[in-house]
Each structure stands twice: as C-alpha cells, then as structure tokens.
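# Structure assessment
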Amino acid sequence: MAVPMAVSAALPQFHVVGFTGHRQLRDAAAAGAHIDAALSGLQTLAPGEWIGVSSAAAGSDLGFARAVLQRGMAWHALLPMPATDFRDDFDEDTWRHAEELLASAESVAVVAGEVSREEAYLDCGIETVNACDVLVALWDGEPARGRGGTAEMVAYARELAKPLVVVDPETGEVRRENMERFQAVDTELAFLNGLPDAGGEDPGAGGARDAVLRMYRKADAAANRSAPQFRLLTASTVLLHVAATLIATAGLAFGWHSPALPWAKLLLVLGALAAALAIRHYRAQRNWVRCRLAAEICRAALATWGMPRRTALFEDLDLPDSRQLIRSLHMLHRRGAPERRANLDTFRQQYRVERLEDQLRYYRHRLDRAEPLLQRLRFGFASATVLAIFCLAAYALHGALGLPAAPPLVESVVFEFLPIALPVVAAAFIGLVSINDLHRRVARYREMCVLLEAARRQAGVTHSWRSLEHLVRHAERALLREVLEWHTLMSHLDRH
C-alpha cells in the first residue's frame, strides 16, 4: 500500500515488479508461496517502495496479486480488455475473487484496444514487461500454449535484457537473469534529492503535493544558482577569433610591424581557446540543465494537482535519465487525489493566473529580448555583406578599367583590408545567430505566446471539468515539448 510521505524535500524511489505466469496450476497454494518468497527476496534488494504490476487472469496472476497485497505493496492491475469482456474467461467463483482483488488495486487500466482476444493478452503481457524493473515469471520451462503466454513474455524480457526471476511452479527453484542491470538506487533521483533545500516558507505538513513542491523549489533554486552563460562563452570564442583575424589583416594592409601585434593576436586566440575549454569542461553545464528540466517537470505536475482526475502528462515522456523522477511524480500525483478537491472555478482561475499568465509573461519577455537581437545581427550580416561586395567590385573595376592609382590609404582600406575583414565579420554575425539559436527561439516564442494566449482566453470561459482537462492537457504538453526541445539543445552545447 502507499507509504506515508515524510516531511522532506526528497522524493521516494519506486521499484516495479511485473509478473507473468501460468493459468493452470497443479498446486496453487505452493505456487503462491513461491511467488511470495520471490517478492520477499526482491524487497531486500533495494531501498524504496516496491509496486506490483500484472494482469488479473485466473491462475498465477491472481496469486501474484494476492501475495503483493498481503505484503502491503501496491498492486497496479492491467486488464487485456474491458472487465465486461474479461470476465468471460472466469468461472463465477474465480471472477468474484478477481473482483475483490481488483477492488483493492491502486489502479486498474485496460491495455488493449480493438484487437483479437489473443492479441489483447499479448499486448497486456508486453505492457507488463515494459512497465517493470524486474519481471517475476512462474514458468515451467515449456513453450507458450497461446499468444501472450508465459514463454513468450520470458523471451521478450530476455530480448530487452530485463532483470528476470524465473520460478519453477513445482519445485520453487529460482533462476535469476540480468540482475546486474537492476538499478537499486537511481543516480539522477539521488542527485536531485541531494540538492540543498531552497529555504523560505514551509509549503505544508508533508503530503504528496508538498513533497513535489519542495522538490520543485530546490531544483529551481539550484538551476538559478548554477545557470552558466554558455551562449556568451561560445559567442566570445567567435568574437575573439574575429578580432585576431582583423588585427592580422590590418597589419598586412597597413604595414604595421609593431612587436605588440603578434602578442595581441596570441592573447586573443588564447582567450578564444580558454572560452572553448570552459564550455567543454565547465561541470555546472550538466547540473544546470538537469535541475532546470526537473524543476519544469515538477512544475507541470503541480499545475494540474487540483484536478479531480489525474491528467496523463507524462504518458509519452520517455527520458532515460528522468524516468524515476517521472515515476515518482506519477505515483505521488495518483496518491495525492484525496488531497485535491478543487472547485472548478477556483482551479480554473488559479491555473489561468499562476500557470498560463505566468508562462505567457515569460515567453513574451524572452521574445522581447530575442527578436531585437536577431534583427540587429541580421542587419549586421547584411551590411557587412553589401559593403564587402562594394569593396570587391570597386577593386575589380579599378583594375579592369585601368583607372588611375587611388590614394594609398584608400587602397589599403578599400582594396586590401575591407575585402578580407568584411566577409569575416559577416560570417561572425551569422555565426552568432546560429550560436544563440535565434531563428528557432523567436519562432518558438511567438508560437508559445499565441498558444498560451488562446489557452488563457479559453480558460476564462470553460465551464466543465471535461473541457478544462482537455485545455490543461494541451497546454501542459506544449510547455513540456518546449522544455524537452531546450533540454536536447542545451545538453550537447558543451560538445560543439
């Protein structure tokens, strides 16, 4: 069952044990004891809470569910088809027992859609394997007797190199495979839990939402503290190289022979190298990105906390490093249901002001900064390019038409210095546009402003939970997509 939340900024780690097994058992009581022993062994493997996931088919699935619930663990039931159809595979007494167990499940989900019965069982088994950290298989070693059978699920788990505990239903003999791949402690969640508390006002007495709020605050504070100016450092490498090139070109064009000139060029190139090395080796880059991502994921969870039904924000969010964080938020969101009994009008107004309008202000501010910068850099590129063309054309025409010699200063500037310097400057301008990712950012900021403004207006006239849930889901997924896009770009910035 659910573990009570402590007053802590740490999120609990959840481990999921999945199950597959035979429907026909010679000795159901013995098989149940073998399953219980396997669960007991797993619970000693790692700290944190263990959750059972399985179907509810007659036979060993029900034995697994019973063992899980008796051990005080939460059970998440996956049904291959709606209960009205699923019950056809049971006799009356067994279905009554299955209903009692399903009533004790923390969640019940129907996996399959419009598919055949065999395909539905196969899909349910695949989903069980995909959802778990360790699969327990009560398997006699014989081939599968139908689609989605135990042998097929064991083969699928092996194909994925999933940690596997195979239990012989007759002897209770246990064989473990790939257990070295089991992660007892998730390093990313441990890192986030180890961040220093943000301080400030205590958010509450320690419920599920308060735990998420504390995590958001400290991840946000850590991201703000460590946010490095990597775009500034990258731009510095370009500008320092351009400055070194301009000095070298000026020396050749104007005949400068000062002993300080080589030292100036050397210092500029060394400065560019130092900036590049800082980008490459500055350890805060990784921590900044991961803290910001964690903070935004927590903020999305908090934004939907008051809804009467859990909004499936993270269903399609598959980030290997953040998988345990997302699982913890998913579980706490589910278990926080008794805490959140928001009035429709209260939640709508709160979501509109604290989420939509807040994010709208943020993206408008970012757009107000990025758009003028893009315009200035594009103007600089165009100006440098046009001037370079003018100088090159003047030089070419001067020679082709045999015009009288120009004054030495004009020749040095227009014919020698600018034709080399201006293309370099133009390339620097367009390089700064690329480094700052300005074209994409401006387009995305405009898109987000339009989307959030529409959502804000719609929230003001929404009068049912169903339409509000649809609006919230659409807005939150758009916000998460933007965060993930940013995460992908910034995670690899130090490798450029």
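Residues numbered from 1 in each chain as written. Predicted model: local features only at pLDDT ≥ 70, side-chain atom pairs only at ≥ 80, totals over all residues. Heavy atoms only, no water.

## Quick word on the pattern of salt bridges
Short version of the rule: By convention in these notes, a salt bridge is any Lys or Arg side-chain nitrogen within 4 Å of a carboxyl oxygen on Asp or Glu. A run of DSSP states H or I qualifies as a helix once it reaches four residues; a run of E qualifies as a strand once it reaches two. Both are numbered from the N-terminal end. A 1.4 Å probe rolled over the protein chains alone gives each residue an accessible area, and that area as a share of the maximum for its type sets the label: buried under 20%, exposed over 50%, partly exposed in between.
As enumerated under the stated definition, the model contains 26 salt bridges in all. Among the ionic pairs, Arg446 bridges to Glu371, the shortest N-O distance being 2.2 Å. Of this pair, Arg446 sits in helix α15 (residues 438–461) while Glu371 is found in helix α13 (residues 344–400), placing the two residues 75 residues apart along the sequence. Arg446 gets classed as partly exposed once you look at its relative accessible area, which sits at 43%.

## Some words on the nonpolar core
Worth spelling out the cut-off: Here, nonpolar core refers to any group of buried Ala, Val, Leu, Ile, Met, Phe, Trp, Tyr and Cys residues whose side-chain atoms link them within 4.5 Å.
Ranked by size, the top nonpolar core spans 39 residues in total, and within it Val17, Leu39, Leu42, Phe64, Trp75, Phe86 and Val136 carry the most contacts. If you list the elements that add at least two residues to this core, you get β1 (14–21), α1 (28–43), α2 (60–70), β3 (74–79), α4 (92–104), α5 (117–131), β5 (134–138) and β6 (164–167). With six residues, the single largest contributor to this core is α2.

## Some details on the confidence of the model for the protein
Inclusion rule: What pLDDT conveys is the predictor's confidence in a given residue, as a value from 0 to 100. What makes two residues a contact is simply this: any of their non-hydrogen atoms within 4.5 Å.
Chain-level statistics for the protein give a pLDDT mean of 86 and a share of 89% at 70 or above. Across the protein, element-level confidence peaks in β5 with a mean pLDDT of 96 and bottoms out in helix α10 (residues 260–281) with 85. With pLDDT under 50 throughout, residues 1–7 is counted as low confidence; its partners more than four residues away or in other chains account for 20 contacts.

## A short note on the packing of α13 against helix α14 (residues 408–435)
The cut-off we apply is this: Helix axes use the C-alpha atoms of the stretch in contact, all axes being lines fitted to C-alpha atoms, and the angles between their N-to-C directions lie in the range 0 to 180 degrees. With respect to orientation, any angle under 35 degrees is reported as roughly parallel, any angle over 145 as roughly antiparallel, any angle of 65 to 115 as roughly perpendicular, and every other angle as oblique. By convention, the crossing between two helices is left-handed when the near helix turns anticlockwise from the far helix through less than a right angle, and right-handed when the turn is clockwise. The residue classification treats Ala, Val, Leu, Ile, Met, Phe, Trp, Tyr, Cys and Pro as nonpolar and Asp, Glu, Lys and Arg as charged. All others, Gly included, are polar.
Two numbers describe how α13 lies on α14: the axes approach to 8 Å, and their chain directions differ by 155°. When the axes of α13 and α14 are compared, the pair comes out roughly antiparallel. α14 is crossed by α13, and the crossing has left-handed handedness. When its residues are assigned to classes, the contact of α13 with α14 shows 22 nonpolar, three polar and no charged.

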